[in-house]
Amino acid sequence: MSEQTDNVTIEDGDAQARDPLEAELEAYPLRDASEDPRWAVRTVWTWVGIAIFLLLFLITLFILGLWFD
């Protein structure tokens, strides 16, 4: 049983045919983070705040349940 390895070189023109997403990596992100829409940033921070509040609330309920049970 013999193993063969293929040494294939990919030129710049063939790189897009190999993986079309790699050609797009240089174009993204399209804008700086400072140019993001304010509503999107506020939406993310709102959900992060809600998630932290709910996590702390559940931990509080768990501790109080252990304390008073």
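Basis of the calculations
Residues numbered from 1 in each chain as written. Predicted model: local features only at pLDDT ≥ 70, side-chain atom pairs only at ≥ 80, totals over all residues. Heavy atoms only, no water. Helix = DSSP H or I, 4+ residues; strand = E, 2+ residues; numbered from the N terminus. Buried < 20%, exposed > 50% of the residue type's maximum accessible area, 1.4 Å probe, protein only. Phe/Tyr/Trp six-rings, centres within 6.5 Å; stacked < 30°, edge-to-face > 60°. pLDDT = per-residue confidence, 0-100. Patch = residues over 30% accessible without salt bridge, like charges linked within 9 Å, V, L, I, M, F, W, Y side chains within 5 Å. Areas by Shrake-Rupley, 256 points an atom, 1.4 Å probe, with all protein chains shown as cover. Salt bridge = Lys/Arg side-chain N within 4 Å of Asp/Glu carboxyl O.

### Describing the overall build of the protein chain
Argument step 1. What the protein chain contains, in helices and strands, is 3 helices and 0 strands.
Argument step 2. The secondary structure elements of the protein chain, listed N-terminal to C-terminal, are α-α-α.
Argument step 3. Within the protein chain, buried positions represent 0% of all 69 residues.

### A few points about the packing of aromatic side chains
Argument step 1. Counting across every chain of the model gives 1 aromatic pair.
Argument step 2. Ring plane angle 20° and centroid distance 6.3 Å describe the contact between F53 and F57, whose orientation is recorded as stacked. With F53 and F57 both in helix α3 (residues 38–68) and 4 residues apart, this pair spans about one turn of that helix.
Argument step 3. Residue F53 is classed as exposed on the basis of its relative accessible area, which comes to 54%.
Argument step 4. With relative accessibility at 43%, the residue F57 sits in the partly exposed group.

### Quick look at the confidence of the model for the protein chain
Argument step 1. Per-residue confidence for the protein chain gives a mean pLDDT of 79, with 74% of residues at or over 70.
Argument step 2. Here helix α1 (residues 12–18) is the element of the protein chain with the lowest mean pLDDT, 53, and α3 is the one with the highest, 96.

### Brief notes about a nonpolar patch on the surface
Argument step 1. Residues V41, V44, W45, V48, I52, L55, L56, I59, F62, I63 and L66 make up a contiguous nonpolar surface patch of roughly 1,100 Å² in combined accessible area.
Argument step 2. Locating L56 in the fold gives a position in helix α3.
Argument step 3. Overall, the relative accessible area of 52% leaves L56 in the exposed class.

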